[in-house]
Every structure is written in C-alpha cells, then in structure tokens.
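Analysis of the macromolecular model
In case you want the letters, here they are:
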Amino acid sequence: MKKIYLDNNATTKVDKEVYEAMSPYLNEEYGNPSSTYEIGKRVKDEVSKARENIAKLFNTESDRIIFTSCGSESNVTAIMSAIKANPDKKHIITSSVEHASIIETLGYLARNGYKITFFEVDEKGRINLDDLKNAITPDTCLISVMMANNEIGNIYPIKEIAKIAHDNSILMHCDAVQAAGKIKIDVKDLDVDYLSISGHKINAPKGIGVLYVKDDKNFIPLIFGHQEKNRRGGTENAPYIIGLGKAVEMIINDNYKLAEEEKELRDYMEEQIKKNIDDVFIYGDLENRTPNTSSIAFKGVKADELMLVLESFNIYVSTGSACNSELAVPSHVLTACHANLDDYSPIRVSIGRYNTKEEIDEFVKVLINNVGMLRRK
Ligand code: PLP
C-alpha cells in the first residue's frame, strides 16, 4: 500500500533539489562561515545567497533577515525583543488561535507581571478588528497575530492590524509560518516590525527558521553572540540555511503556481467528499483560507478513530496541531471557534507539493467506505 501523506501543515518532505543543494555542506564544504580562510568564505557566500533569496521573497533587504533554529525560536525572539525594547509597557495583545510557541511564551509573561489579552474569534475563526482596537491600552507594547492558522487555515488581515498597532505606537509581530509559500508576503506592504517563518513547512529541513526584523532598535537577541551581526549567537547552521535558501528560490521561481495547484486539489477533494458523504462540516473561514488546508468533520465520527482507520490504509492526516496532538485536550483553535466537537470533530487534511489527484481519489474512496461504519459504532 503506497503511503498517502496529507499532513503537510505538520511538516513537509525535504525536496530533492533542496537536499542536493544542502548535502555538500554537510561533509565536503563543512567550513565555519565565520572563518576567514577560503573554505569558510565559500560557505559564507552560500549563506549570503540564501539570505538574499529570503529577503527577495519578503521584499526586503538581506540585512533584515536573521536565521534562527525554528519558527518557535523566531516567535519567542520577537516577543522578548518587543518587551525589552519597551521596558515600561506591560501589556500584549494576541489572538486566541495562535501557535503554542506564542501562547506559552505569553503565559510565562503573564505569570511574571504582564497583562495578556487573548482576543476572541467567531465560530468561523474570524477576528473582529474592533475587539482588537478595544483591547489597546497606553500600556500595550506588542500585538502578535498569525498570518495563517495551522489548523483551519484562516488568513488574518495583518496589514490592517499592523496599521492599528502603529497608529497606537505599538510594535507588530506576525507568525507567518503557515503562510510562507502559500500567500505572498511583502513585509514593506504589511509594515510589520517582526515576521517569523520556518523551513520545514516549505520542503526545507526541520530545525531552521527565519526572523525578519524591520529595525534593529527594536531588537535584542535571545541568544547572545557574534553571528548574524550580533543578533543571534551560535555557529550558523549553514547546510540548513542553504537548503532553506533553495526552497525559497523554488517558491520565487514557481511564483505561487504550486499554491494554486494545491488549492485545486483541496477544492476537488472537498467537492468529492460533499458529493458522496452526508452531514459533512468544514471548519474555518471558507472564503479566506490557505489554499492547502481543510478541517473537515463527519457528523458522529470521532476524528481520532477516523485517523486510526486512515492510518491502517497508510493515509496520514491529523486531528489538530501536531504540536499538541499528544495532549488529550481539545484543540484550543476549535475551542476558540466554539466548535461542537461532540457531533463534528474534524480531521485536518493539509495538501503539499507531492500530492496527486490519484491520492485524493484514493483518500476519498477510503472515507466513503469507512465513515458509515464509524458512524454506526
Ligand atoms: N507557528 C505556526 C503557525 C506553526 O504551525 C508552527 C509549527 O507547527 C510554528 C509556529 C513552529 O514552527 P517550528 O516547528 O519551526 O518551531
């Protein structure tokens, strides 16, 4: 049975071109990019090219790009920077559907004297900008909102939120980990102060991230040291940086055609499911979602049971964010959407670069053959 992987929001396969670009830097060109001799300089040049690619993807200058170890580190660095840049302000605003790296960091700050406002979303996971405006106080130093949600795919109005933030002299961070490669990200147009992405969501390896910083006056390192222009200590992970540079180059060259193809497959899948199975509910803002994501529920079917049945057919989906799937608690995103999880508990299907129509047809066939049996249980 061929494996059908439909969990690309959890992580993606490293692309062959990415792997080939990075592999010489693991065992042949292994110099330290900070070394001044030739083999170090060659690696440094490749790291610089990767940085330029990422700057191009974001429409910024390459010195605004800092490499980190992951999306979570980028998120935490942005939050810690913003609070250190504003030592007199003790209030942060965020949404109730952010990634754990944001929620847990803000939880820590809440236990240490900060006031945190988690503004609510409606049943489709949409945010109300008036709620956001009403939460602002003279003590607010940061607004952090994701560009795209990892579970339901909702896309949030970052440009509008950044304007509200700046009109009130507040810094703005955006977690764009699930948006990269799927939605155009122009940091000048968005006018955010910080923006995070992660390699492993875009066919580069796990363990490499990027933080965009608009102005170094609002930046303080999380890890001190001389690398990354004194902004992030630790010998650069050159092979992974080079791999990420290649993955980003592929996105630039492809000009989001892949995202369109993923959307076609996702829409085809939802159409086939709705045509063949009764009582289906899709979570999220259906008109305004990332092109690859579907949070789909079948009335009376428990998502974890369906996930196990699918696994027995070598089909892989998830029941929520991979980061909290080990915890036996309902997803905070679905809870925030007031989801009726007793009747409609969703699986998350997230399509990626290598999925085919044949795989979607096979997946839908397995659903058609098994949803009824799971309902009768
Ligand atoms: N932000 C979002 C929205 C994510 O989905 C994830 C990963 O699932 C992260 C941040 C964290 O990225 P990383 O796994 O690179 O730490």
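Residues numbered from 1 in each chain as written. Predicted model: local features only at pLDDT ≥ 70, side-chain atom pairs only at ≥ 80, totals over all residues. Heavy atoms only, no water.

Before going further, it helps to spend a moment on the sheet that holds strand β10 (residues 293–298). Read across the open sheet, the three strands follow the order β9-β10-β12; overall the sheet is antiparallel. Here the strands that pair on one side only, and so sit at the sheet edges, are β9 (280–283) and β12 (346–350). Ignoring strand direction, the axes of neighbouring strands in this sheet form an average angle of 30°. Both β9 and β10 contribute to a ladder of four bridges, which runs antiparallel. Bridging from a neighbouring strand, Phe281 pairs with Ala297 of β10. (Pairing = 2+ DSSP bridges. Helix = DSSP H or I, 4+ residues; strand = E, 2+ residues; numbered from the N terminus. Axes fitted to C-alpha atoms, helices over the stretch in contact; angles between N-to-C directions.)

Quick look at the domain arrangement of the protein now. For the protein, the assigned domains read domain 1 (4–12 + 256–376) and domain 2 (16–254). Across the contact, 31 residues belong to domain 1 and 36 residues belong to domain 2. Taken over both partners, the interface formed by domain 1 and domain 2 buries close to 2900 Å², and the fraction arising from carbon and sulfur atoms is 49%. When the buried surface of domain 1 facing domain 2 is broken down by residue, Thr12, Tyr256 and Val333 rank first, second and third, together holding 24% of it. Here domain 1 is connected to domain 2 by zero salt bridges. (Domains from an automatic or database assignment. Contact = heavy atoms within 4.5 Å. Buried area = accessible area lost by both parts, 1.4 Å probe. Salt bridge = Lys/Arg side-chain N within 4 Å of Asp/Glu carboxyl O.)

To continue, consider the environment of Ile241. Take Ile241: it is sitting in helix α10 (residues 238–254). Judged by relative accessible area, Ile241 falls into the buried class, the value being 1%. Counting along the chain gives 23 residues from Ile241 to Glu264, while the straight-line C-alpha distance between them is 31 Å. (Buried < 20%, exposed > 50% of the residue type's maximum accessible area, 1.4 Å probe, protein only.)

Our next topic: the layout of surface pockets. By volume, the second largest pocket amounts to about 350 Å³. Lining the second largest pocket are 18 residues, with Lys44, Ser48, Arg51, Lys229 and Glu236 positioned closest to its centre. Among the secondary structure elements, those contributing two or more residues to the lining of the second largest pocket are α3 (38–58) and α9 (227–230). It is α3 that contributes the most residues to the lining of the second largest pocket, six residues altogether. Residues of the lining of the second largest pocket, tallied by class, amount to two nonpolar, seven polar and nine charged. (1 Å grid on protein atoms, 1.4 Å probe; cavity = no way out; pocket = protein on both sides within 12 Å on 5 of 7 lines; lining within 4 Å. Points joined across faces, edges and corners; volume = space filled by probe spheres on them. Nonpolar A, V, L, I, M, F, W, Y, C, P; charged D, E, K, R; others polar.)

We now examine the site of the ligand. Not every one of the 14 residues close to the ligand is listed here, only the nearest: Ser72, Asp175, Gln178, Ser198 and Lys201. Gly71 places a main-chain nitrogen or oxygen 2.8 Å from an oxygen atom of the ligand. In this structure, Asp175 approaches the ligand through a side-chain N or O atom, which is 2.6 Å from a nitrogen atom. A per-element tally of the shell around the ligand places helix α4 (residues 71–85) first, with three residues. For the shell around the ligand, a count of residues per class yields four nonpolar, eight polar and two charged. (Near = heavy atom within 4 Å. Polar contact = N/O pair within 3.5 Å; in protein donor to acceptor, adjacent residues only side chain to side chain.)

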